[in-house]
Amino acid sequence: MNTLNLCLACDDNYAPYMGMAIFSALKNAAPQDKFHFYILDNKISAAGKKKIESLRAAYPFELTYLPLDEKLFAACDVKRAQWTLSIFGRYLIPKLIPEDKVLYLDCDVMVRGSLQDLWETDLTDYYIAGVPDYNVIFRGRLKERFGADFKVEEYVNSGVLLINNQKWRAENLFEKLLDYSVKNASSLQYPDQDAINFICREHKKMLPDYYNVRSYLYKPDLFLHHPRFNEIIQAPKKAIIRHFAPWKKNFFAPHRQEYLDLMRVSPWADHIPQDDNRVWGWTKLIARYLGRHPFCFLLPKFYRRWYYRGSACLFLDD
Ligand SMILES: [Mn+2]
């Protein structure tokens, strides 16, 4: 059985969530799965690393830290405060990690099954494999931004990426991505993700939606006219990788409770968010939603969501 090479990246603030992503992958793996985690390390503290290493007591895995030098990316502008320059770290993966293939995962994911089938995806002739990002596909003005030839349906989310390291190295993708990001720093909406999608545009393989289940997949109303409607609405049920921000306080999101239950038995139990469970806390949350969508009760999509997904998804707002 060959080893799954997983890569994650974070700074010290996100280290607990990265730890949770790793823990979920280990806990929900098939018995024969073997892992080597490569961590792009943006100044993770010794204490943070120690907690990650403590997982070894229950699961055998290999672990390599690769220090990330943000100065490399100083010329890539980052527009929004929630992004740091380390998002560009994924460009470097094939240079830093001496493997033929790597699976990159964001820290805000929970792995819910074996990644072996995903790992075995054949990448010959492809730079990457990923899952379509419907948010951007529907609203990203992709033809305007990337040209009429751009295959809009193949715009992938960069939170789960299977990377063909060999091909990236052979064709100097790092230099091409960096160059593109610097030249278009002011116009890119999603800095690294736009660059990856554009530079890899002729060599992207699409993965099934259940490998990157983001919250919009719980909104069936978005996909009513999509040719793959049936397949897309099944994806949340089969979610192998759920991609969300479950540690936010008072946050409606399917699978959040599952994440918190996992957190409770992890070395990061002290990071469980203290929800404001008073009726007032939840009332405020619903009031905020109604403020943003005042007529939601009048719209058929509200009831459609209920029909397909149940009440847990009614106020899903991310
Ligand atoms: Mn993410």
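A brief report on the enclosed structure follows.

Conventions used here
Residues numbered from 1 in each chain as written. Predicted model: local features only at pLDDT ≥ 70, side-chain atom pairs only at ≥ 80, totals over all residues. Heavy atoms only, no water. Phe/Tyr/Trp six-rings, centres within 6.5 Å; stacked < 30°, edge-to-face > 60°. Helix = DSSP H or I, 4+ residues; strand = E, 2+ residues; numbered from the N terminus. Buried < 20%, exposed > 50% of the residue type's maximum accessible area, 1.4 Å probe, protein only. Lys NZ or Arg CZ within 6 Å of the ring centre and 35° of its normal. Salt bridge = Lys/Arg side-chain N within 4 Å of Asp/Glu carboxyl O. Donors = N, O, S within 2.8 Å, 3.2 Å for Na, K, Ca; no water. Pairing = 2+ DSSP bridges. Axes fitted to C-alpha atoms, helices over the stretch in contact; angles between N-to-C directions. Contact = heavy atoms within 4.5 Å. Core = buried A, V, L, I, M, F, W, Y, C linked by side-chain atoms within 4.5 Å.

1. Some words on the packing of aromatic side chains
Aromatic ring pairs are defined here through the distance separating the ring centres and the angle between the ring planes.
Moving on, step 1. Applying the stated criterion across every chain yields a total of 20 aromatic pairs.
Moving on, step 2. Ring centres 5.6 Å apart and planes at 55° place the aromatic pair Phe 138 and Phe 223 in the tilted group. Of the two residues, Phe 138 is situated in helix H5 (residues 134–139) and Phe 223 in the loop between strand E8 (204–206) and helix H10 (229–234); the sequence distance between them amounts to 85 residues.
Moving on, step 3. Since its relative accessible area comes to 0%, Phe 223 is described here as buried.
Moving on, step 4. Geometrically, the ring pair formed by Tyr 210 and Tyr 211 is tilted, given 4.9 Å between the ring centres and 55° between the ring planes.
Moving on, step 5. The ring of Phe 61 has Arg 56 sitting right over it, with the charged end atom 5.3 Å from the ring centre.
Moving on, step 6. Its end group placed over the ring of Trp 119, Lys 101 keeps NZ or CZ at 5.1 Å from the ring centre.

2. Focus: the pattern of salt bridges
Moving on, step 1. In the structure shown here, the tally under the stated rule is 17 salt bridges.
Moving on, step 2. We note a salt bridge from Lys 95 to Glu 175, for which the minimum N-O separation is 3.0 Å. With Lys 95 in helix H3 (residues 89–96) and Glu 175 in helix H8 (residues 173–183), this pair connects stretches of sequence that are 80 residues apart.
Moving on, step 3. Residue classification places Glu 175 among the partly exposed positions, given a relative accessible area of 38%.
Moving on, step 4. With a closest N to O distance of 3.2 Å, Arg 228 and Asp 209 form a salt bridge. Within this pair, whereas Arg 228 is found in the loop between E8 and H10, its partner Asp 209 is found in the loop between E8 and H10, the two being separated by 19 residues in sequence.
Moving on, step 5. Residue Arg 228 is classed as partly exposed on the basis of its relative accessible area of 27%.
Moving on, step 6. According to the relative accessible area criterion, Asp 209 is buried, its value standing at 2%.
Moving on, step 7. Here the salt bridges do not stand alone but share partners, grouping Arg 90, Asp 106 and Asp 192 into one network.

3. A word on the coordination of the manganese ion
Moving on, step 1. All of the protein donors around the manganese ion are Asp 106 (OD), Asp 108 (OD), Asp 108 (OD) and His 243 (NE2); their distances to the metal are 2.2 to 2.5 Å.
Moving on, step 2. Counting along the primary sequence, the residues that act as donors to the manganese ion give the motif D-x1-D-x134-H. Of this pair, Asp 106 sits in the loop between strand E4 (101–105) and strand E5 (109–111) while His 243 sits in strand E9 (residues 241–243), and the two are 137 residues apart along the sequence. Of the two residues, Asp 106 and His 243, both sit in the buried class.

4. Digging into the sheet that holds strand E1 (residues 4–11)
Moving on, step 1. The strand order E3-E2-E1-E4-E7-E6-E8 describes an open sheet built from 7 strands, whose pairing is mixed. Of all strands in the sheet, those with a lone pairing partner are strand E3 (62–67) and E8, marking the two edges. Pairs of neighbouring strands in the sheet enclose a mean axial angle of 25°, with direction left out of account.
Moving on, step 2. In this sheet, strand E7 (residues 160–164) lies alongside strand E6 (residues 128–130) in antiparallel orientation, the contact comprising 2 bridges. Paired with Ala 129 across the two strands is Leu 162, which belongs to E7.
Moving on, step 3. Running over the sheet, helix H1 (residues 15–27) touches E1 and strand E2 (35–42) and is turned about 160° from E1.

5. Here we look at the nonpolar core
Moving on, step 1. In this structure, Phe 37 and Leu 115 are the most contacted members of the largest nonpolar core, which totals 102 residues.
Moving on, step 2. In terms of residue count, the dominant contributor to this core is H1 (9 residues).
Moving on, step 3. Among residues more than four places away in sequence, those in contact with Leu 115 are Leu 4, Leu 6, Asp 33, Phe 35, Leu 103, Ile 240 and Ile 241.
Moving on, step 4. One finds Cys 296, Phe 302, Leu 314 and Phe 315 within the second-largest nonpolar core, a separate group that totals 5 residues.

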